[in-house]
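What follows is each chain in one-letter form.
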Number of protein chains: 2
Amino acid sequence: MADDRRDPGHLLDLLWRTHAPGSRGPRGSLSLDRVVATAVEIADAEGVAAVSMRRVAERLGVTTMSLYRYVPGKDDLVDLMFEMATGLPDDAAWPEDWRGGLAAFARASRALLLARPWMLDVPISAPPMGPNNLAWMEAALSRLARTGLDEGEMVGVLSILSGYTFFEAGQQLAMSRAAPRTGVGYSEWGQAYAAMLERVAGDGRYPTLARVARAGGFGDERSGPEEDFEYGLSFILDGVEALIGARAHRAARGGAGVPEGPGVN
Amino acid sequence: MADDRRDPGHLLDLLWRTHAPGSRGPRGSLSLDRVVATAVEIADAEGVAAVSMRRVAERLGVTTMSLYRYVPGKDDLVDLMFEMATGLPDDAAWPEDWRGGLAAFARASRALLLARPWMLDVPISAPPMGPNNLAWMEAALSRLARTGLDEGEMVGVLSILSGYTFFEAGQQLAMSRAAPRTGVGYSEWGQAYAAMLERVAGDGRYPTLARVARAGGFGDERSGPEEDFEYGLSFILDGVEALIGARAHRAARGGAGVPEGPGVN
DNA sequence: CCGAAACCGTGTACACCGTAGACTTGGGTC
DNA sequence: GACCCAAGTCTACGGTGTACACGGTTTCGG
């Protein structure tokens, strides 16, 4: 057969470990799992920038090029790392009601990203297609299955929740990364931000921004990252609750006729 | 003076172009703006991965190392690229009312990210501190200034809106990137996704996900990316509206006493 | 049973990357 | 005019992803 390591379905085969192993040659001493797991170890310890084919191979006691028997290239390795690092959600422990379940989903996502910050650095090159990532989606969507929302609404809610979680985790990570250089921790961040604004745009630029920062809108000594995250989470879930209520009301009033989703504009 | 290109405030000086030029030596033939602008050109044409110090220098007709007279290193160059590519928002054209203004903010953000997809690939290493990025924040926050929300709520709303916008643009981008390899465009994506699920997990795994995909929850021939984005946007703005209403109601009922933001849990 | 085919892992090589350090050059200040 | 400092050059080093050819090992088909 021709070299099919470039065909698009191959990444799926890798993600799902669906190979025809082809029992001709010698049994490999490595495995895709070991390769990816080793790469994840390095990323956990030193970030994704420290992951190179050479370092992975070295840690496995093997030549660089042998990795290419298991992975088409670095890019696919990174995709596989993301999938493996995601792991399966412990959604059995999550509440079954939609609000508790979605909150648990968001908190678990955030915890995962903060535990493996390098995941925020990998450019996503394809929609989620691996078993673990799909399992997270399923865990979230299943909580929305009996709420009366239609399928498009369910996906929309998931997007908003995931987007918020990623963004918030990314912002917190950016702060922690800046912290060693600037010496300011999370609780002082809001004030440092205000001071930066003052220094750099002491004139009338950004009046609202300056006021918000001074007033502690970006966090002050009384609030930590968890509180900030929980606040936004509650906000989103309140919105979902309102949407579910509107759907129930429409249904009770007698079915179709009500146009679309939320209000226009 | 010692080599201060490593001190944390130096990035601020670069972002704000605040140098003591030091009028001793010859006047430079380059400038920070030219360097960054050239890097942005390359990224626009071929993506951020194609940006290398050598290529930037070559395009400027200069040796690689001369760039280091203007930029401490590649990482800072990327930060500066992000800031420059952001540009100033055209917020004068946005409505002044909070809902219209925020919608315009989100749409303009999305348009920017889709016009320069490489911005989604740059790892954010610090919170927004450049004049352009701060101007975007100011433009959004100013629309929330007279809504009765407190400062923490304003920042929370901004986080949710930005997070959604980035995430949604990133998802669409991931799809478009996968498109040439798979031959499916946006409108067929939902069905392709369903087919992928069927192929890969035809058994009972992901029942909700499979149902949602089959029903067109991930988009079908009747909806494009804009519609999907607008849907989530309206959802978020409805939430903001409810929050503003609650705040107004509290204020009307007579000030303090009402505990926190949205409902608990 | 024995070639042939398939596969594993290796070695070498190439083009490219970021950047450290020593250098030449030329304009501004004293 | 003397001096000095910054702009830009040159060379070099260690590192990166991966193409390609090769020897060794295992299993299958005839």
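Residues numbered from 1 in each chain as written. Chains lettered and ligands numbered in written order. Predicted model: local features only at pLDDT ≥ 70, side-chain atom pairs only at ≥ 80, totals over all residues.

Comments concerning the overall build of chain A
Okay, so step 1: When its secondary structure is counted, chain A shows 10 helices and 0 strands.
Okay, so step 2: Along chain A, helices (α) and strands (β) appear in the sequence α-α-α-α-α-α-α-α-α-α when read from the amino end.
Okay, so step 3: Here chain A has a C-alpha radius of gyration of 23 Å; the compact-globule value for 265 residues is 18 Å, and the former is much larger.
Okay, so step 4: Expressed along its principal axes, the backbone C-alpha trace of chain A runs to roughly 65 × 60 × 35 Å. (Helix = DSSP H or I, 4+ residues; strand = E, 2+ residues; numbered from the N terminus. Rg over C-alpha atoms; globule rule 2.2 N^0.38 Å.)

Thoughts on the UniProt feature "domain: HTH tetR-type" (unreviewed entry) in chain A
Okay, so step 1: When the UniProt feature table is mapped to this numbering, "domain: HTH tetR-type" (unreviewed entry) covers residues 29-89 of chain A.
Okay, so step 2: Between the end C-alpha atoms of residues 29-89 of chain A there is a gap of 30 Å, over a span that is 59% helix and 0% strand. (UniProt positions renumbered as here; feature names shortened; annotations may be inferred.)

Description of the domain arrangement of chain A
Residues and elements named next belong to chain A.
Okay, so step 1: Domain parsing of chain A yields domain 1 (8-86) and domain 2 (91-183 + 224-252).
Okay, so step 2: Here the C-alpha centre of domain 2 lies 29 Å away from the C-alpha centre of domain 1.
Okay, so step 3: Tallying the contact residues gives 14 residues for domain 1 and 13 residues for domain 2.
Okay, so step 4: Those elements giving two or more residues to the side of domain 1 that touches domain 2 turn out to be helix 1 (9-16), helix 2 (32-46) and helix 4 (74-86).
Okay, so step 5: With 7 residues, the single largest contributor to the side of domain 1 that touches domain 2 is helix 4.
Okay, so step 6: For the side of domain 1 that touches domain 2, the class distribution of residues is 8 nonpolar, 2 polar and 4 charged. (Domains from an automatic or database assignment. Contact = placed C-beta atoms within 7 Å. Nonpolar A, V, L, I, M, F, W, Y, C, P; charged D, E, K, R; others polar.)

A word on the relation of the copies chain B and chain A
Okay, so step 1: Of the transformation placing chain B onto chain A, the axial shift is 0.0 Å and the rotation is 180 degrees, giving an RMSD of 0.1 Å. Within this description, the copies of the chain are treated as partners about a two-fold rotation axis.
Okay, so step 2: Most of the interface of chain B is mirrored in chain A, where 100% of its interface residues again form contacts. (Least-squares fit on C-alpha atoms with pLDDT ≥ 70 in both.)

Structural notes on the protein's contact with DNA strand C
Okay, so step 1: A:G22, A:G25, A:S29, A:T63 and B:S52 are the nearest of the 25 residues found near DNA strand C.
Okay, so step 2: The element best represented in the surface near DNA strand C is helix 3 (residues 53-60) of chain B, accounting for 3 residues.
Okay, so step 3: Grouping the constituent residues of the surface near DNA strand C by class yields 7 nonpolar, 11 polar and 7 charged. (Near = placed C-beta within 6 Å.)

Some points on the interface of chain B and chain A
Okay, so step 1: Between chain B and chain A, the residue contacts involve 64 residues of the former and 64 residues of the latter.
Okay, so step 2: For the side of chain B that touches chain A, the leading source of residues is helix 7 (residues 151-182) of chain B, giving 21 residues.
Okay, so step 3: Partitioning the side of chain B that touches chain A into residue classes produces 36 nonpolar, 20 polar and 8 charged.

Brief notes about the nonpolar core
Okay, so step 1: Counting 136 residues, the largest nonpolar core has A:A39, A:M81, B:A39 and B:M81 as its most contacted members.
Okay, so step 2: In contact with A:M81, other than residues within four places in its own chain, are A:V36, A:A39, A:V40 and A:A43. (Core = buried A, V, L, I, M, F, W, Y, C linked by C-beta atoms within 7 Å. Buried ≥ 20, exposed ≤ 12 C-beta atoms within 10 Å, placed from the backbone.)

Here we look at unusual backbone geometry
Residue and element names in this part refer to chain B.
Okay, so step 1: Here the phi dihedral of R17 falls at roughly 55 degrees; this positive angle occurs in a residue that is not glycine.
Okay, so step 2: Secondary-structure assignment places R17 in the loop between helix 1 (9-16) and helix 2 (32-46).
Okay, so step 3: Owing to 10 C-beta atoms within 10 Å, R17 belongs among the exposed residues under this scheme.

So, the packing of helix 6 (residues 131-144) of chain A against helix 7 (residues 151-182) of chain A
Residue and element names in this part refer to chain A.
Okay, so step 1: Contact pair helix 6 / helix 7: the axes reach a minimum separation of 10 Å and the direction vectors enclose 125 degrees. By the angle between their directions, the pair helix 6 and helix 7 is classed as oblique. Relative to helix 7, helix 6 is oriented so that their crossing is right-handed. Each of M137, A140, L141 and L144 in helix 6 lies in contact with helix 7, whose residues at this interface are M154, V157 and L158.
Okay, so step 2: When the residues that make up the contact of helix 6 with helix 7 are grouped by side-chain class, the tally is 7 nonpolar, no polar and no charged. (Axes fitted to C-alpha atoms, helices over the stretch in contact; angles between N-to-C directions. Parallel < 35°, antiparallel > 145°, perpendicular 65-115°, else oblique. Left-handed = near helix turned anticlockwise from the far one by under 90°.)

Brief notes about helix 4 of chain A
All names here are of chain A.
Okay, so step 1: With 13 residues, helix 4 should reach 18 Å at 1.5 Å per residue; the first-to-last C-alpha distance of 18 Å fits that figure.
Okay, so step 2: For helix 4, the complete set of buried residues consists of L77, V78, D79, L80, M81, F82, E83, A85 and T86.
Okay, so step 3: Of the surrounding secondary structure, the elements contacted by the buried residues of helix 4 are helix 1, helix 2 and helix 6. (Expected span 1.5 Å × (residues − 1).)

A closer look at the confidence of the model for chain A
Okay, so step 1: Taken residue by residue, chain A gives an average pLDDT of 89. The fraction at 70 or more is 92%.
Okay, so step 2: The model gives residues 256-261 of chain A a pLDDT under 50, and that stretch makes 5 contacts with residues more than four places away or in other chains. (pLDDT = per-residue confidence, 0-100.)

Brief notes about the environment of A:F229
Residue and element names in this part refer to chain A.
Okay, so step 1: As for its placement among the helices and strands, F229 is situated in helix 10 (residues 225-254).
Okay, so step 2: Residues F229 and G130 lie 99 residues apart in sequence; the distance between their C-alpha atoms is 27 Å.
Okay, so step 3: If we ignore the near neighbours within four places in the chain, the residues touching F229 are R110 and E168.

Considerations on the environment of B:P117
Okay, so step 1: With respect to the helices and strands, the residue B:P117 is situated in the loop between helix 5 (98-115) and helix 6 (131-144).
Okay, so step 2: Between the C-alpha atom of B:P117 and that of B:R247, which follows or precedes it by 130 residues, the distance is 38 Å.

Looking at the packing of helix 5 (residues 98-115) of chain A against helix 6 of chain A
All names here are of chain A.
Okay, so step 1: Put simply, helix 5 and helix 6 touch, their axes get as near as 8 Å, and they point 160 degrees apart. In terms of axis orientation, helix 5 runs roughly antiparallel to helix 6. For the pair helix 5 and helix 6, the crossing hand works out as left-handed. Along its contact with helix 5, which presents W98, G101, L102 and F105, the element helix 6 presents A139, A140, R143 and L144.

Digging into helix 7 of chain A
Okay, so step 1: Here helix 7 of chain A is 32 residues long and its end C-alpha atoms lie 46 Å apart, about the 46 Å a rise of 1.5 Å per residue gives.
Okay, so step 2: Following helix 7 of chain A by one or two positions, A:G183 adopts a phi angle in the positive range, close to 80 degrees.

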